[in-house]
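Summary of the model geometry
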Amino acid sequence: MKKFLIRRILISMILLVFVSMIIYGIMRCMPASFVETKAMQLAEKPGAKSYEEWLEQLNASYGLDTGIIQGYFTWASKAVRGQFGDSWNFSQPVLQKFSSVIWYSFALSLAAFILEIIIAIPAGVAAARKQYSMTDYSITVFALIGISLPSFFFATILKWIFAVKLNWLDLYGIVGRMHQQLSPVGQMLDMAQHMIMPVITLTIVSVGSLMRYTRTNMLEVLNSDYIRTARAKGLPENRVINRHAFRNILIPIITLLGGTLPSLFGGAMITETLFQIPGIGYTSYQCIVAGDIPFVMFYMLFSAVLILVGNLIADILYAVVDPRVRVN
């Protein structure tokens with residue numbers, strides 16, 4: 001296990017280098033240039049310097065007067081020391097801005113993740129146990145609807161029903177207008193109320209895949225010889241399902257859930273933008289549109305680290321649930 005971890009960590013570090021190089025090159029080539037936009041705004045002021053003069057000055061000020069390769073190594077030399085610079089769009093250190101928005105995304109994604117597991121896995125198992133029944137068809141239809149619905153479409157429906165028609169919830173934001181006048185408990189409830197529609201959106205659009213995945217793997221396991229043997233020995237059906245069958249579908253489920261780690265901290269860009277939740281997803285969208293290279297580089301690198309860590313955790317959990325992996 002020790003050699004395996006060391007090898008995976010070394011490979012992950014090499015992958016991070018190449019991923020960061022590609023991301024930096026893409027950001028430098030994007031049409032949305034923060035420097036060009038700012039130079040244009042400054043040049044429009046009365047008595048200001050020309051656009052070309054401002055552009056040259058700002059490129060030198062932000063370190064964009066060098067080539068992409070040289071610019072990348074300049075950024076990387078600071079990044080390995082934990083110096084990610086200041087966000088151009090928000091005029092504050094990248095780490096400070098990141099720490100102020102990440103927990104909104106974590107709370108939103110964690111709530112949706114828990115609901116997804118609570119709904120999808122039992123529903124998938126129930127559909128497999130009662131194959132071709134009304135229960136199976138109902139769960140399958142629900143799963144397909146969730147898979148097919150775009151998040152922006154479902155979010156729009158929720159806002160139209162609960163915010164426009166019923167006037168129960170606010171359309172946008174994380175807090176209400178009277179948030180500051182509320183007690184600490186009231187402030188928490190206010191934020192929780194604003195999280196309802198985003199959490200429902202994330203849960204519905206993601207629960208279908210896990211539900212279908214669980215059903216398919218459970219059907220495969222239930223048709224195995226050892227399950228038929230367990231039933232032939234007279235074991236109760238619940239024990240056959242919960243103790244013998246369910247454990248053997250954990251490996252493919254862990255594979256799927258291991259990829260959800262980035263979403264817990266990486267934010268849901270579309271959903272957060274639709275509801276204007278000030279999380280890391282919405283913030284990174286604003287920075288990408290503005291061409292904020294320091295913040296986008298940190299966000300993308302952070303997401304890449306989460307993906308690699310999620311895959312590593314999934315591989316380790318294989319050995320926990322399957323003794324054959326430990327032997328190999």
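Provided above is the structure to which this section pertains.
Report on the accompanying structure. (Residues numbered from 1 in each chain as written. Predicted model: local features only at pLDDT ≥ 70, side-chain atom pairs only at ≥ 80, totals over all residues. Heavy atoms only, no water.)

**Some remarks on the packing of aromatic side chains**
Rule in force here: Stacked, tilted and edge-to-face are the three classes assigned to paired rings of Phe, Tyr and Trp, where Trp is represented by its six-membered ring and a pair needs centres within 6.5 Å; plane angles under 30 degrees give stacked, over 60 edge-to-face, the rest tilted. Going along the chain from the N terminus, every DSSP run of H or I of four or more residues is numbered as a helix, and every run of E of two or more is numbered as a strand. Only protein chains enter the accessibility calculation, which uses a 1.4 Å probe; a residue whose area is less than 20% of its type maximum is buried, one above 50% is exposed, and one in between is partly exposed. Consider the ring centre and the ring normal. A charge sits over the ring if Lys NZ or Arg CZ is within 6 Å of that centre and within 35 degrees of that normal.
Within this structure, the stated rule accounts for 12 aromatic pairs. On the numbers, 5.7 Å between centres and 85° between planes, the contact of W103 with F106 is edge-to-face. Highlighted residues: W103 and F106, both in helix 5 (residues 94-129), separated by three residues, approximately one helical turn. Residue classification places W103 among the exposed residues on the basis of a relative accessible area of 55%. A relative accessible area of 21% means that F106 is categorised as partly exposed. Each ring, one from F162 and one from W168, has its centre 6.1 Å from the other, and the planes form 40°; the classification is tilted. Aromatic ring contacts, followed pair by pair, group Y24, Y72, F73 and W75 into a single cluster. Here K49 stacks its cationic end above the ring of W54, 4.4 Å away from the centre of that ring.

**Focus: a nonpolar patch on the surface**
The line we're drawing: Exposure above 30% relative accessible area and the lack of any salt bridge qualify a residue for a patch; like charges then connect within 9 Å, and the nonpolar side chains Val, Leu, Ile, Met, Phe, Trp and Tyr within 5 Å. To be clear on the numbers: accessible area is Shrake-Rupley with a 1.4 Å probe, and residue cover counts the displayed protein chains and nothing else. Take a side-chain nitrogen of Lys or Arg and a carboxyl oxygen of Asp or Glu: if they are within 4 Å of each other, that pair is a salt bridge.
A cluster of nonpolar side chains, namely F152, F153, I157, W160, I161, V164, L166, W168, L171, Y172 and I270, defines an oily patch on the protein surface of about 1100 Å² accessible area. Counting residues per element, the nonpolar patch draws most heavily on helix 7 (residues 151-165), which supplies six residues. Mapping V164 onto the fold places it in helix 7.

Distances and angles like these do not, on their own, reveal function.
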